[in-house]
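Architecture at a glance
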Amino acid sequence: MTTTHRRQHPKASLLALGAAGLVAGALIALFWPRPSEFRLTVLPPGPVSPDFRLVDFDGQPRSLADYRGQVVVIFFGYTRCPDACPAALFKLAQVMKRLGPASAQVRVLLITLDPERDTPQLLKSYVTAFDPRFVGLSGTTAQIDQAAASFYVAHFKAPTSNDYYAIDHSTATYVIDAQGQRRLIGAMNTSIDDFAHDLKLLAGRMKQGASS
Amino acid sequence: MYTHIHRLTFLLALAWVIPALAADQRTGSLTITQPWSRATAPGAAIGAAYFEIVNAGAVDTLLRIESPIARQVEMHTSYTEGGIMRMRPVTSVDVPAQGRVRFEPSGLHVMLIDLIRPLRKGGRFPLTLVFQHAGPVRVEAIVQDLGTLTPPGGKETDNDHHP
């Protein structure tokens, strides 16, 4: 009696194993990440669309929609930032050089997280020192908070002495495509090559879209 | 022709290395190597400076840093936590016996607050490190290009590294 049970049991479990294997295989085939053509981290569209209502360093009101048709690269920082911000902007300036003619379709923006101390003049002399095509954006504290939130950028004032504060902040670089969609995210250690590769890809795709 | 180019490269390398070496400052058992900074944009309020302290002797403590280039000089440390770069003041830095302490980007750094004048590439300015035991040690920081992340003579393309 027990032996027959034992004989049927392995058969049933083999069958179940086979079925499970098939399901697992199908699931893996469905969800296995296809190798991305991009080298930066690809961002899925989030529940909040990236946007901002700010003012550029020449006093012109700016929203993300103003840059539609261009690949937009955004870094959140501040001019009193000791090394992360100059390093990121210096790298993006080199990326622009590497892009050559394709750089005409790329717009690099620095959004200040320190609107109290970063005056328009200071913002302008700061960002254009890296590349004359770079644009600096500022606004009220509420506008900056809204812009940062739509990019999921964290930022906090960190006093270091009685009369000085630093700003703790996310150091990611965001890439928005020509349609205003959040596409890629770069890190402090993302190379110039990888940035140039991905921006060229997005800029090239934009051209195709325009011609078709 | 080949040897000429070779000699030229050697001389260029030497010209690059000598000022870096000349900037090293030794006081007693402490050596401050490669003090450097990076150029700032016109009107920029702050600059940062870095160096390495090599201690061949007993433990000492770096109490503060002074410089005529800025109205206020603080020691800060940066660290990354969950993708967020954070910065905190440091009141003093212990230099272990027979040890070393490095001030570097994304780590300990000298914060030059309210610069008297912009830092220009190729320029120099004095920094005085005040130690508890060794007393004041004056060094000259070399100003490098705008986005530089490594000391003079460091790999220029370090910005371009892969993780």
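Our structure is the block above this text.
Cut-offs applied
- Residues numbered from 1 in each chain as written.
- Chains lettered and ligands numbered in written order.
- Predicted model: local features only at pLDDT ≥ 70, side-chain atom pairs only at ≥ 80, totals over all residues.
- Heavy atoms only, no water.
- Helix = DSSP H or I, 4+ residues; strand = E, 2+ residues; numbered from the N terminus.
- Buried < 20%, exposed > 50% of the residue type's maximum accessible area, 1.4 Å probe, protein only.
- Areas by Shrake-Rupley, 256 points an atom, 1.4 Å probe, with all protein chains shown as cover.
- Contact = heavy atoms within 4.5 Å.
- Buried area = accessible area lost by both parts, 1.4 Å probe.
- Salt bridge = Lys/Arg side-chain N within 4 Å of Asp/Glu carboxyl O.
- Polar contact = N/O pair within 3.5 Å; in protein donor to acceptor, adjacent residues only side chain to side chain.
- Disulfide = S-S within 2.5 Å.
- Arc of directions from axis to C-beta.

A word on the overall build of chain B
- Secondary structure assignment for chain B yields 1 helix and 11 strands.
- From first element to last, N terminus to C terminus, chain B shows the α and β order α-β-β-β-β-β-β-β-β-β-β-β.
- Sorting the 163 residues of chain B into buried and exposed places 48% on the buried side.
- In the form shown here, chain B has an accessible surface area of approximately 8300 Å², with 58% of it arising from carbon and sulfur atoms.

Some thoughts on the environment of Tyr-152 of chain A
- Here Tyr-152 of chain A shows up in the loop between α4 (141-150) and β7 (155-161).
- In contact with Tyr-152 of chain A, not counting residues within four places along its chain, are Gly-46, Pro-47, Val-48, Ser-170, Tyr-174 and Arg-182 of chain A.

Overview of the side chain of Glu-74 of chain B
- As for its placement among the helices and strands, Glu-74 of chain B is situated in strand β5 (residues 70-81).
- Among residues more than four places away in sequence, those in contact with Glu-74 of chain B are Thr-160, Ser-161 and Tyr-164 of chain A together with His-109, Val-110, Met-111 and Ile-113 of chain B.

What to know about the interface of chain B and chain A
- Counting residues at the interface gives 33 residues for chain B and 37 residues for chain A.
- Taken over both partners, the interface formed by chain B and chain A buries close to 2600 Å², and the fraction arising from carbon and sulfur atoms is 60%.
- There are 2 salt bridges connecting chain B and chain A.
- Asp-168 of chain A is paired through a salt bridge with Arg-86 of chain B; the nearest N and O atoms lie 3.5 Å apart.
- Counting every contact that joins chain B to chain A gives 14 residue pairs in polar contact (both at pLDDT 80 or more).
- Listed by contribution, the elements that provide at least two residues to the side of chain B that touches chain A are β3 (46-55), β5, β6 (84-89) and β9 (108-115) of chain B.
- For the side of chain B that touches chain A, the element with the highest residue contribution is β6 of chain B, accounting for 6 residues.

Quick word on the state of the cysteines
All names here are of chain A.
- According to the stated counting rule, one finds 1 disulfide over all chains in the structure shown.
- Residue pairing for Cys-81: its cysteine sulfur links by disulfide to Cys-85, the two sulfurs lying 2.3 Å apart. Handedness here is read from the sign of the S-S torsion; for Cys-81 and Cys-85, about 85°, the answer is right-handed. Residues Cys-81 and Cys-85 agree in their burial class; the two are buried.

Observations regarding the pattern of salt bridges
- Applying the stated criterion across every chain yields a total of 18 salt bridges over all chains.
- A salt bridge links Lys-124 of chain A to Asp-58 of chain A; the nearest nitrogen and oxygen atoms lie 2.7 Å apart. With Lys-124 of chain A in helix α3 (residues 120-130) and Asp-58 of chain A in the loop between β2 (53-56) and β3 (61-63), this pair connects stretches of sequence that are 66 residues apart.
- By relative accessible area, which is 52% here, Asp-58 of chain A ends up exposed.
- A cluster of three or more residues bridged by salt bridges with shared partners is formed by Asp-168 of chain A together with Glu-81, Arg-86 and Arg-88 of chain B.

Describing α4 of chain A
All names here are of chain A.
- Three or more residues of α4 are buried, namely Ile-144, Ala-147, Ala-148 and Ser-150. The buried residues of α4 occupy an angular sector of 165° when projected down its axis, which confines them to one face.
- Here the buried face of α4 lies against β2, β4 (71-77), β5 (106-112), β6 (135-138), β7 and β10 (182-186).
- Where α4 ends, the next residue or the one after it, Tyr-152, has phi of about 60°, a positive value.

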